[in-house]
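Chain residues, written in single-letter form:
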Amino acid sequence: MHVFSKGLLLTAAMLILAGCQSAAEHRAAVRDDSGDRLTVGTVQREIRVGMTNADVVQVLGSPNMVTTDEERREVWVYDKISTERAYSTSSGGVSALILGGALVGGGLLGGGVAPGYSGSSGADATNQRTLTIVIKYDNESRVRDFAYRQSSF
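We now turn to the structure provided with this report. (Residues numbered from 1 in each chain as written. Predicted model: local features only at pLDDT ≥ 70, side-chain atom pairs only at ≥ 80, totals over all residues. Heavy atoms only, no water.)

A word on the overall build of the protein
Okay, so step 1: When helices and strands are counted, the protein shows 4 helices and 6 strands.
Okay, so step 2: Counting helices and strands in the order they occur from the N terminus, the protein gives α-α-α-α-β-β-β-β-β-β.
Okay, so step 3: Of all 153 residues assigned to the protein, the portion counted as buried reaches 16%.
Okay, so step 4: Contacts spanning at least 24 positions in sequence make up 58% of the contacts within the protein whose residues lie at least 6 apart. (Helix = DSSP H or I, 4+ residues; strand = E, 2+ residues; numbered from the N terminus. Buried < 20%, exposed > 50% of the residue type's maximum accessible area, 1.4 Å probe, protein only. Contact = heavy atoms within 4.5 Å.)

Laid out in structure tokens, this is it:
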């Protein structure tokens, strides 16, 4: 095999493999998990009965809703909804056009071979998550109870 042919085959193989990234790999490339996110784990690790409301704000941030119960004690509600959509598409192809010709008599005799390969694939995924946290305070503005609920669909 000639050096030129080996180089052509290697280049073709690299082009095919470059287009073969899975949907999971595309999703990982566009997902941003670097920021602070409110999670069940954060609530389980950080929130404790007896904490002040100032301590809760440092951990969870400001609540979405503040109400009072029947004894006029504050109840804070954190209600978060997250929608993540990932779309991935990959395409790759290899084609070669080989033309040859020779001068025969008074005319040109030519030939050509044009093998080709192309393909594409795609995937689309949407995931929605909800997290609701309810924190109940006592008369001294300290956590007396808390609950959370998470769903994913």
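From this point on, the discussion continues.
What to know about the pattern of salt bridges
Okay, so step 1: Under the defined criterion, the tally for this structure stands at 4 salt bridges.
Okay, so step 2: Between R144 and D69 there is a salt bridge, with its nearest N and O atoms 3.0 Å apart. Within this pair, whereas R144 is found in strand β6 (residues 143-152), its partner D69 is found in the loop between β1 (65-68) and β2 (74-95), the two being separated by 75 residues in sequence.
Okay, so step 3: With a relative accessible area of 30%, R144 lands in the partly exposed category.
Okay, so step 4: Overlapping salt bridges, with partners in common, bring together D69, E71, R73 and R144 in one network. (Salt bridge = Lys/Arg side-chain N within 4 Å of Asp/Glu carboxyl O.)

Digging into the nonpolar core
Okay, so step 1: V56, L60, Y78, I133 and I135 are the most contacted members of the largest nonpolar core, which totals 14 residues.
Okay, so step 2: Sorting the residues of this core by element identifies α3 (40-46), α4 (53-60), β2 and β5 (116-137) as the ones contributing at least two each.
Okay, so step 3: Per element, the largest residue contribution to this core is 4 residues, and it comes from β5.
Okay, so step 4: Among all residues touching I135, those that are not within four sequence positions of it are V56, L60, E74, V75, W76, Y78, V143, D145 and F146. (Core = buried A, V, L, I, M, F, W, Y, C linked by side-chain atoms within 4.5 Å.)

Comments concerning the side chain of D69
Okay, so step 1: The class for D69 is buried, based on a relative accessible area of 13%.
Okay, so step 2: A polar contact is formed between the side chain of D69 and the backbone nitrogen of E71, at a distance of 2.9 Å.
Okay, so step 3: Side chain to side chain, D69 and R144 meet in a polar contact 3.0 Å long.
Okay, so step 4: Apart from residues no more than four positions distant in its own chain, D69 is found in contact with V75 and R144. (Polar contact = N/O pair within 3.5 Å; in protein donor to acceptor, adjacent residues only side chain to side chain.)

Topic: unusual backbone geometry
Okay, so step 1: Residues other than glycine seldom take positive phi values, yet R72 does so here, at roughly 65°.
Okay, so step 2: By secondary structure assignment, the location of R72 is in the loop between β1 and β2.
Okay, so step 3: Not every positive phi belongs to a glycine, and S141 is a case in point at roughly 60°.
Okay, so step 4: For S141, the position within the fold is in the loop between β5 and β6.

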